[in-house]
Amino acid sequence: MIINQILEEAIKKLSNKKILSAHLDAEILLSHIIKKPREYLLAHPEKKLTQKQVSSFKFQVSRRLKGEPVAYITGHKEFYGLDFFVDKNVLIPRQETELMVDEIMEQGTRNKEQGTIIDIGTGSGCIIITLAKNLNSKFKIQNSKFFATDISKPVLAIARKNAKLHNVHKDIKFFQGDLLKPIINNFSKFPGRAPRSGAGKIQNSKLIITANLPYLTPAQIKNSPSIKYEPKLALSAGADGLKYYRKLFKQIKNVSCSMFRVPCFVLCEIDPSQTTKIKQLINKELLSSQIQIKKDLRGLNRMVICSINLRQD
Ligand SMILES: C[S@@+](CC[C@H](N)C(=O)[O-])C[C@H]1O[C@@H](n2cnc3c(N)ncnc32)[C@H](O)[C@@H]1O
């Protein structure tokens, strides 16, 4: 079979299943199989495929027809122009989440400041790896410190693998544990801690906490068949979807400020419907915080930024 013929056949089948991205999906799967960029398919429509390539493609299309996301079939997803390895253990990085990276990159380039960045619930590592790669190389903002946590061991193995792929594995420290807890517990091991002050502080001029934690309610999960292949651990967050943010804010509130005696910013990705409730939560748990809401490309409230004045000891 030739490229054009097999693509047409697959697009027809995918469209019949009401898969809106039928064209794109078929092209991504075929270019993955023949290990060529998508442009190659357009430039060589008459190219004959081997029998092995044909049967692999048909098998992958059959998986897509059952609803499996393309990223899990190919094992890849692009985020902020970088390629990330993904499998069923991790959430597939979303375009909306690039907003968080954009915000920090903008601040970083504007202020040329060093900082400490802690990514909570790192998943594939897409946020912290993109930041480490861009802040430390592209913009030459050297010496920022990067940390990441996740509750799941298999998830962290993937994040570490991605960090290695992008050659930032020496710049990021990964910890397994509950939200901010492993960072608090391991604080004494951080480089840059003031050794004899008795009250070390996070090094550098500011602390940024990024958190794209699970934020869906049981009803939202039930009504979104497209996410049925993704891990519940990455999605489900109690009756109002705010279980993890509630806990994170409590952890931040209870951190001894001798540890975090620097300006602190927390960036959280949310569902637009949670805007009012998360503001109330921040006001309740993190007094004297300033809150900003940022919209995604569709004009929906997607990110909360709060700058916190942690009580000084
Ligand atoms: C919505 S996913 C986001 C992954 C990644 N940050 C991204 O943007 O693609 C949430 C992540 O939080 C992790 N997680 C769930 N509960 C956690 C907890 N109590 N402490 C730390 N991480 C947790 C999950 O394993 C998952 O990887």
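Worth saying up front: this structure is predicted, and the values here are computed from it rather than measured.

Draft legend 1. Representation of the overall build of the protein chain in the model. Along the protein chain, the regular secondary structure elements total 12 helices and nine strands. Out of the 313 residues belonging to the protein chain, those deemed buried represent 50%. Of the roughly 15,800 Å² of accessible surface on the protein chain, 53% is carried by carbon and sulfur atoms.

Draft legend 2. Representation of the site of the ligand within the structure. The immediate surroundings of the ligand are formed by 19 residues, with Gly 121, Asp 150, Asp 178, Leu 179 and Asn 212 found nearest. The side chain of Asp 150 places a nitrogen or oxygen atom 2.7 Å from an oxygen atom of the ligand. When the free accessible area of the ligand is taken as 600 Å², the share hidden by the protein chains comes to 97%. A class-by-class count of the residues in the shell around the ligand yields 11 nonpolar, six polar and two charged.

Draft legend 3. Representation of the pattern of salt bridges within the structure. Following the criterion strictly, the structure yields 13 salt bridges and no others. Taking the shortest distance from any N to any O, the salt bridge between Lys 250 and Glu 285 comes out at 2.8 Å. Of this pair, Lys 250 sits in helix α11 (residues 243-254) while Glu 285 sits in helix α12 (residues 275-285), placing them 35 residues apart in sequence. Where Lys 253 meets Glu 285, a salt bridge forms, and the shortest distance between an N and an O atom there is 3.0 Å. With a gap of 32 residues between them, Lys 253 in helix α11 and Glu 285 in helix α12 connect regions that are remote in the sequence. Counted as one network, the salt bridges with shared partners bring together Lys 250, Lys 253, Lys 284 and Glu 285.

Draft legend 4. Looking closely at the side chain of Asp 296. Take Asp 296: it is sitting in the loop between β8 (289-295) and β9 (301-308). Among the polar contacts listed, one links the side chain of Asp 296 to the backbone nitrogen of Arg 298, at a separation of 2.9 Å. Here the side chain of Asp 296 touches Arg 302 through a polar contact of 3.0 Å, side chain to side chain. Other than its neighbours up to four places away in sequence, Asp 296 contacts Glu 96, Leu 99 and Arg 302.

Draft legend 5. Representation of the environment of Leu 30. Checked against the element boundaries, Leu 30 lands in helix α2 (residues 22-34). Residue class for Leu 30 comes out buried when judged on its relative accessible area of 0%. When the C-alpha atoms of Leu 30 and Leu 7 are compared, they prove to be 7.8 Å apart, with 23 residues separating the residues in sequence. Not counting residues within four places of it along the chain, the set of residues in contact with Leu 30 comprises Ile 3, Ile 6, Leu 7, Leu 41, Leu 49 and Phe 57.

Draft legend 6. Representation of the nonpolar core within the structure. The biggest cluster of nonpolar side chains holds 36 residues, and the ones touching the most others in it are Ile 120, Leu 180, Ile 209, Tyr 245, Phe 249 and Val 266. When residues of this core are traced back to their parent elements, those giving at least two are β3 (116-120), β6 (207-211), α11, β7 (264-269), α12 and β9. Of all the elements, α11 adds the most residues to this core, at five residues. Setting aside residues no more than four positions away along its own chain, Phe 249 makes contact with Val 266, Cys 268, Ile 278, Leu 281, Ile 282, Glu 285 and Leu 286. In this structure, Met 100, Ile 127, Leu 131 and Ile 208 belong to the second largest nonpolar core, which totals 27 residues.

Draft legend 7. Spotlight on unusual backbone geometry. If you check the backbone angles, Lys 35 has positive phi at about 55° while not being a glycine. Among the secondary structure elements, Lys 35 is positioned in the loop between α2 and α3 (38-43). Using a relative accessible area of 73% as the deciding quantity, one classes Lys 35 as exposed.

Conventions adopted
- Residues numbered from 1 in each chain as written.
- Predicted model: local features only at pLDDT ≥ 70, side-chain atom pairs only at ≥ 80, totals over all residues.
- Heavy atoms only, no water.
- Helix = DSSP H or I, 4+ residues; strand = E, 2+ residues; numbered from the N terminus.
- Buried < 20%, exposed > 50% of the residue type's maximum accessible area, 1.4 Å probe, protein only.
- Areas by Shrake-Rupley, 256 points an atom, 1.4 Å probe, with all protein chains shown as cover.
- Near = heavy atom within 4 Å.
- Polar contact = N/O pair within 3.5 Å; in protein donor to acceptor, adjacent residues only side chain to side chain.
- Nonpolar A, V, L, I, M, F, W, Y, C, P; charged D, E, K, R; others polar.
- Salt bridge = Lys/Arg side-chain N within 4 Å of Asp/Glu carboxyl O.
- Contact = heavy atoms within 4.5 Å.
- Core = buried A, V, L, I, M, F, W, Y, C linked by side-chain atoms within 4.5 Å.

Honestly, that's just the spatial picture; any functional story needs more than this.
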